[in-house]
Amino acid sequence: MITLGVNIDHVATVRQARRTDEPDPAWAAVEAQLGGADCITFHLREDRRHVNDRDARALKEIVNVKLNMEMSIADEIVAIASDLLPTQCTLVPEKREELTTEGGLDVIRHADRIAPVVSRLRERGIVLSAFIEPIPKQIEASAKVGFQAIELWTGSYAHAKTDAEKMVALGELSTGIEVGHRAGLEVHGGHGITYRNVADVAEIEGFSEFNIGHSIISRAMFTGMREAVQEMKDLLSLHSAEEM
Ligand code: PXP
C-alpha cells in the first residue's frame, strides 16, 4: 500500500497572495491528517515564497504523522532542518525563476556538496531522501552518498502527451524502482500526480510513498481538505500494486 504525503505549500501560496494570516497551512495539515494523510510535506524555500519559518515550527508542533521537509542544500535551510528535526528531509533542486520544482537533483554532479548535508542531517536522526529523475546512475549515486530513500520525479509520466510517451515514462519509473531497491533504497514518487492519472503510476509495484500537492489542494477548495485527502487515499488503496 502506497502511503500518502500531502504537500500543503499551496495553502501558504494563497495566504501569501495577500500577505495575511489566512488560510493557515498548519490548519490544512490538521485537516489533512483527519482525512487520513500518512505524511505532511512542505517545502521551505530559500525565498520563502509560500511556507515560512513560523509555518515550519507550527507544523513540527501539530503534525503527529510523518513530517517531510523538502529543501535545498543552502546552509541556512540545512541549519533550520537540523534544529527542527522533521521525520524526513527530501533534498530538491531549487531555482528562483521556477513555478515549482521542475525536475530532479543532479546527485552525480553535486555529490561533493550533497554528501556532507546528508551525513549532517542523518546524524540528527532524520531520514534523507533525494528527489531525482528515474535515471539509474543518479539512483546509484544517491545510495552512494548516503540517502536512505529516493523520490522519483513522476513529471515525465504526468506531462506525457501520448499513450506511447506514457508507457515509456512508466517503464522508466519501473526500472528506477528496481534499481533503487537493489541499491537498498526506499522508493517514493511525486510531481504532477492527480486524481485522474494516479491509477497507472500506483499500479507499478514498489512505490512506498507518493507526495501530492497541487491536485489535492485544488480539489480541497471545493470539497474541503478532509474529503479531498480521503478521496486520494481511496484511489491509492484501490490501485496500489499488491506486494508479493
Ligand atoms: N514532490 C516534490 C519533491 C515536490 O517538489 C513537489 C512540488 O512541490 C511535489 C512532490 C508535489 O508536486 P505536485 O504539487 O505536482 O503534486
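Owing to the predicted nature of the structure, the values given are computational and were not obtained by experimental measurement.

Trainee: Is there a simple way to explain the pattern of salt bridges in this structure?
Mentor: Close approach of charged atoms lets side chains of opposite charge pair. This model, assessed by the stated rule, comprises 11 salt bridges. Residues Arg15 and Asp55 are paired through a salt bridge, measuring 2.6 Å at the closest nitrogen-oxygen approach. With a gap of 40 residues between them, Arg15 in helix H1 (residues 9-18) and Asp55 in helix H3 (residues 53-62) connect regions that are remote in the sequence. In this pair, the class of Arg15 matches that of Asp55, namely buried. Put simply, Arg182 and Glu178 hold a salt bridge, and the shortest N to O gap is 3.8 Å. Of this pair, Arg182 and Glu178 both sit in helix H8 (residues 163-182), separated by four residues, roughly a single helical turn. A residue is classified by how much of its surface remains accessible, and Arg182, at 65% relative accessible area, is exposed. According to the relative accessible area criterion, Glu178 is partly exposed, its value standing at 48%.

Trainee: Help me understand unusual backbone geometry in this model?
Mentor: Glycine aside, residues mostly have negative phi angles, and peptide bonds mostly take the trans form. The omega torsion of the bond from Glu22 to Pro23 falls at -5°, within 30 degrees of zero and hence cis. We note that Leu85 has phi near 55°; this positive angle belongs to a residue other than glycine. Relative to the helices and strands, Leu85 resides in the loop between helix H4 (75-84) and strand E4 (88-91).

Trainee: Could you clarify how one ought to interpret the packing of helix H2 (residues 25-34) against H3 in this entry?
Mentor: To describe two helices that pack against each other, one gives the angle between their axes and the distance between the axes. Packing of H2 against H3 leaves a shortest axis separation of 9 Å and a crossing angle of 30°. Relative to H3, the element H2 lies roughly parallel. Taken as a pair, H2 and H3 cross one another with a handedness that is right-handed. Between H2, through Pro25, Ala26, Ala29, Val30 and Gln33, and H3, the contact on the second element is made entirely by Asp55, Ala58, Leu59 and Ile62.

Trainee: How should I be thinking about the pairing of strand E1 (residues 3-7) in this particular structure?
Mentor: Looking down a regular strand, the side chains alternate between one sheet face and the other. E1 sits mainly inside the fold: four of its five residues count as buried. Here three bridges tie E1 to strand E2 (residues 39-43), and the two strands are oriented parallel to one another. Each bridged residue has a counterpart across the sheet, and for Gly5 the counterpart in E2 is Cys39.

Trainee: Help me understand the environment of Asp83 in this model?
Mentor: Relative to the elements of secondary structure, Asp83 occurs in helix H4. The exposure class of Asp83 is exposed, given its relative accessible area of 63%. Placed 108 residues apart in sequence, Asp83 and His191 show a C-alpha to C-alpha distance of 27 Å.

Trainee: Quick question: what am I supposed to make of the sheet that holds strand E7 (residues 186-190) here?
Mentor: Note on sheets: strands pair through backbone hydrogen bonds, and any given pair is parallel or antiparallel. Pairing is parallel in the closed barrel, where eight strands are placed in the order E1-E2-E3-E4-E5-E6-E7-E8. In this sheet, neighbouring strand axes are inclined to one another by 25° on average, regardless of whether the strands run parallel or antiparallel. Running over the sheet, H4 touches E2, strand E3 (66-71) and E4 and is turned about 170° from E3. Across the face of the sheet, helix H11 (residues 225-239) comes into contact with E1 and strand E8 (209-212) while running at roughly 145° to E1.

Trainee: I tried to follow H4 on my own but got confused; where do I start?
Mentor: Owing to its 3.6 residues per turn, the α-helix aligns residues three or four sequence positions apart on the same side. Within the span of H4, buried status applies to Ile77, Val78, Ala81, Ser82 and Leu84. Contact partners of the buried residues in H4: E2, H3, E3, E4 and helix H5 (111-123).

Trainee: How should the environment of Glu203 be read in this particular structure?
Mentor: Position of Glu203 relative to the elements: it lies in the loop between helix H9 (198-202) and E8. Overall, the relative accessible area of 43% leaves Glu203 in the partly exposed class. A sequence separation of 83 residues divides Glu203 from Arg120, and the C-alpha atoms of the two residues are 35 Å apart. For Glu203, the residues in contact, after removing those within four places along its chain, are His239 and Ala241. In terms of polar contacts, Glu203 uses its side chain to reach the side chain of His239, at 2.9 Å.

Trainee: Which parts of the structure should I look at to understand a nonpolar patch on the surface?
Mentor: Together, Val30, Leu34 and Ile62 make up an exposed nonpolar region whose accessible area comes to about 230 Å². By relative accessible area, which is 33% here, Ile62 ends up partly exposed.

Cut-off values and rules
- Residues numbered from 1 in each chain as written.
- Predicted model: local features only at pLDDT ≥ 70, side-chain atom pairs only at ≥ 80, totals over all residues.
- Heavy atoms only, no water.
- Salt bridge = Lys/Arg side-chain N within 4 Å of Asp/Glu carboxyl O.
- Helix = DSSP H or I, 4+ residues; strand = E, 2+ residues; numbered from the N terminus.
- Buried < 20%, exposed > 50% of the residue type's maximum accessible area, 1.4 Å probe, protein only.
- Axes fitted to C-alpha atoms, helices over the stretch in contact; angles between N-to-C directions.
- Parallel < 35°, antiparallel > 145°, perpendicular 65-115°, else oblique.
- Left-handed = near helix turned anticlockwise from the far one by under 90°.
- Contact = heavy atoms within 4.5 Å.
- Pairing = 2+ DSSP bridges.
- Polar contact = N/O pair within 3.5 Å; in protein donor to acceptor, adjacent residues only side chain to side chain.
- Patch = residues over 30% accessible without salt bridge, like charges linked within 9 Å, V, L, I, M, F, W, Y side chains within 5 Å.
- Areas by Shrake-Rupley, 256 points an atom, 1.4 Å probe, with all protein chains shown as cover.

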